[in-house]
Amino acid sequence: MIADGETLQLGNLVRHTLTVFNVGHNKAVAVAARLNASSLNVKVTAYQGKLSSLTLPELMARAPDLVLDTTGSDQVLSDLAGWNRPTLFLSISLGLYARRIYAFAARAEGFPVEDFHSRIQPWLERDQTDTKDLPHPATEGIGCWSPVFPARLDDIYLLASAVVKWIEEVAAQPPAEPILAVFEKVTESGQFMGVRRVQ
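Thresholds, definitions, all that
- Residues numbered from 1 in each chain as written.
- Predicted model: local features only at pLDDT ≥ 70, side-chain atom pairs only at ≥ 80, totals over all residues.
- Heavy atoms only, no water.
- Helix = DSSP H or I, 4+ residues; strand = E, 2+ residues; numbered from the N terminus.
- Buried < 20%, exposed > 50% of the residue type's maximum accessible area, 1.4 Å probe, protein only.
- Contact = heavy atoms within 4.5 Å.
- Patch = residues over 30% accessible without salt bridge, like charges linked within 9 Å, V, L, I, M, F, W, Y side chains within 5 Å.
- Areas by Shrake-Rupley, 256 points an atom, 1.4 Å probe, with all protein chains shown as cover.
- Salt bridge = Lys/Arg side-chain N within 4 Å of Asp/Glu carboxyl O.
- Pairing = 2+ DSSP bridges.
- Axes fitted to C-alpha atoms, helices over the stretch in contact; angles between N-to-C directions.

Novice: Please explain unusual backbone geometry as it appears in this structure.
Specialist: Excluding glycine, a negative phi dihedral is what most residues carry, and trans is how most peptide bonds are arranged. Although it is not a glycine, N84 sits at a positive phi angle of roughly 65 degrees. By secondary structure assignment, the location of N84 is in the loop between α3 (74-81) and β4 (87-94). Given the relative accessible area of 60%, N84 is considered exposed. In this structure, S189 is a non-glycine residue whose phi angle is positive, near 55 degrees. Take S189: it is sitting in the loop between β6 (179-188) and β7 (191-197).

Here you go:
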């Protein structure tokens, strides 16, 4: 199940897998339809609302083996903290300018919010330091809708591809303790060299 209460806007297309044909439609419904159309072996459902509007009993009744958060929302993580059912939780988030991507995994009865924050905070501070001389996006809007600011789509795809491989590994063998994996784009003398895991 994909949960998202937002409607796709034209500006979202600079960093989204959906197309102009989906503008004005609910993101969860459109992504679910796209995934279902990609393979006969896929069955994705959509919920047109915020995760917080579903009660935990409603969510747990679906008995998911894995919960994947890609919202960047502390509220969603807090909501998942009260899950109360052994589940593999994953939270994926991009660093500033898509220089790095952060992938957190924990097998627990609820999302371990404090553990997550203690592991990711030093990296977020490093992001701020590394990009202190660059303009930072303040709010969603025109800047966010630029095809190159605050991150290029190809950089996002690049890092996301590395994380998909990591998700496969973690899903096959969940970690005994919470872990944070960090992947970053590598450049040398202004030339792109690839992606490496730095943690």
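Novice: Just to check I follow, could you spell out the environment of V42 for this structure?
Specialist: Among the structural elements, V42 can be located in the loop between α1 (27-36) and β2 (46-47). Separated by 10 residues in sequence, V42 and A32 have C-alpha atoms that sit 9.5 Å apart. For V42, the contacting residues outside a window of four places in its chain are L35 and N36.

Novice: Would you take a moment to explain a nonpolar patch on the surface for this structure?
Specialist: On the surface, L10, V20, F21 and V23 cluster together into a nonpolar patch covering about 430 Å² of accessible area. Considering the arrangement of structural elements, one finds F21 in the loop between β1 (2-3) and α1. Overall, F21 belongs to the exposed group, its relative accessible area being 71%.

Novice: Which parts of the structure should I look at to understand the sheet that holds strand β3 (residues 66-69)?
Specialist: Spatial strand order, β3-β4-β5-β6-β7: five strands in an open sheet with mixed pairing. Each of the sheet's edge strands pairs with one partner strand only, and the pair in question is β3 and β7. Strand-to-strand, the axes of this sheet are offset by a mean angle of 15 degrees, without reference to chain direction. Pairing of β6 with β7, which is carried by six bridges, proceeds in the antiparallel orientation. The partner of E188 across the bridge, within β7, is Q191.

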